Amino acid sequence: MRGEPTVRRVALIGGSTEPAGADTIRRAVRGCDAVVAIDRGLDAASGAEVDVNLFCGDADSVSPAGAALVRRAESSDDAFFSVERYDPHKDFTDLSLALRAVGERWGAPALVCTCLAGGNPDHLLGVFGRLAAWPGPVELIEDGFEGKVLHAGEVWAIEGACSQRFSFIPLSPEATVSERGMRWELDHHGVELLSDLGISNVIERDPATITCHAGTVICWCFCR
């Protein structure tokens, strides 16, 4: 709509049972044009004193105080955030539906994701699958690491991270990857879906780079 600000960068605050700390959440939303809280993520946002533009979820895991905020937003003519509430008996995760809502509102902005990495392994694999399918850039910011999803032709240049652990995992049937500035380097190396070849490397030079020449990979730089 004419006159609405352009949204190029969206923060997603997920509903992980092991949310990031307040400082990490504030760092994740810095520079974003919109903030989306996914169910329990509203509690994490409130705890970090972060304003939310959109709530997405079935409100089955948010706290009573968070649920009251959602009800107030739903009933207000001048709502302080928009609400997309889902039926708990649904076929898709709240994250999947939240990504659909982001796409419908803003196209394919860059995503900065936090509070998505903890909890059950089935949910975590589902998170990886949904983020790998997102058509725009994806960045991950959690307490213990930062990461990115890289598609063919994308590069992550990592600065100021010497001695830190680095890992990548392919999320496509095949991927081709190069790594520079690391203890074990790769040059256009082919790797298969969920291969463990890229786990637990060490950054030794600044800057270090990982390049995805083909396919899709998810990668992390661990700060501890």
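All figures in this text were calculated on a predicted structure; none of them were measured in a lab.

Criteria and cut-off values
- Residues numbered from 1 in each chain as written.
- Predicted model: local features only at pLDDT ≥ 70, side-chain atom pairs only at ≥ 80, totals over all residues.
- Heavy atoms only, no water.
- Helix = DSSP H or I, 4+ residues; strand = E, 2+ residues; numbered from the N terminus.
- Buried < 20%, exposed > 50% of the residue type's maximum accessible area, 1.4 Å probe, protein only.
- Areas by Shrake-Rupley, 256 points an atom, 1.4 Å probe, with all protein chains shown as cover.
- Salt bridge = Lys/Arg side-chain N within 4 Å of Asp/Glu carboxyl O.
- Expected span 1.5 Å × (residues − 1).
- Contact = heavy atoms within 4.5 Å.
- Core = buried A, V, L, I, M, F, W, Y, C linked by side-chain atoms within 4.5 Å.

Some thoughts on the overall build of the protein
Here's step 1: For the protein, the count of helices and strands is five helices and 14 strands.
Here's step 2: Along the first, second and third principal axes, the C-alpha set of the protein runs to 55 × 40 × 30 Å.
Here's step 3: With 224 residues in all, the protein has 48% of them scored as buried.
Here's step 4: In the structure as shown, the protein presents an accessible area of about 11,300 Å², 49% of it carried by carbon and sulfur atoms.

Overview of the pattern of salt bridges
Here's step 1: Across all of its chains, the model carries eight salt bridges by this definition.
Here's step 2: In this structure, Asp-23 and Arg-26 form a salt bridge, with 2.5 Å as the shortest nitrogen-oxygen distance. With Asp-23 and Arg-26 both in helix α1 (residues 22-29) and three residues apart, this pair spans about one turn of that helix.
Here's step 3: Glu-185 serves as the salt-bridge partner of Arg-205, at 2.5 Å between the closest nitrogen and oxygen. With Arg-205 in the loop between β12 (201-202) and β13 (208-214) and Glu-185 in the loop between β10 (174-180) and β11 (186-192), the pair connects residues that are 20 residues apart, well separated along the chain.
Here's step 4: Judged by relative accessible area, which is 37%, Glu-185 ranks as partly exposed.

Some words on helix α4 (residues 94-106)
Each α-helix winds once per 3.6 residues, and so residues spaced three or four apart point in a common direction.
Here's step 1: The first and last C-alpha atoms of α4 sit 18 Å apart over 13 residues, in line with the 18 Å expected at 1.5 Å per residue.
Here's step 2: Taken together, the buried positions of α4 are occupied by Asp-94, Leu-95, Ser-96, Leu-97, Ala-98, Leu-99, Ala-101 and Val-102.
Here's step 3: Residues of α4 that are buried in the fold lie against β1 (9-13), β2 (34-38), β3 (54-57), β4 (82-85), β5 (110-114) and α5 (121-132).
Here's step 4: Count one or two residues on from α4 and you reach Gly-107, which has phi positive near 85°.

Quick notes on the side chain of Thr-211
Here's step 1: Of note, Thr-211 is situated in strand β13.
Here's step 2: Sequence-distant contacts of Thr-211, defined by excluding residues within four places in its chain, comprise Glu-154, Val-155, Thr-176, Val-177 and Ser-178.

Some points on the nonpolar core
Nonpolar side chains in soluble globular proteins tend to be buried together.
Here's step 1: Leu-12 and Leu-111 are the most contacted members of the largest nonpolar core, which totals 30 residues.
Here's step 2: If you tally residues by element for this core, the top one is α4, at six residues.
Here's step 3: In this structure, Leu-12 is in contact with Val-36, Leu-95, Leu-99, Val-102, Leu-111, Val-112, Cys-113 and Thr-114, ignoring residues within four places of it in sequence.
Here's step 4: Grouped together as the second largest cluster of nonpolar side chains are 25 residues, Val-29, Cys-32, Val-50 and Phe-55 included.

Any functional reading would require information beyond the geometric quantities listed.
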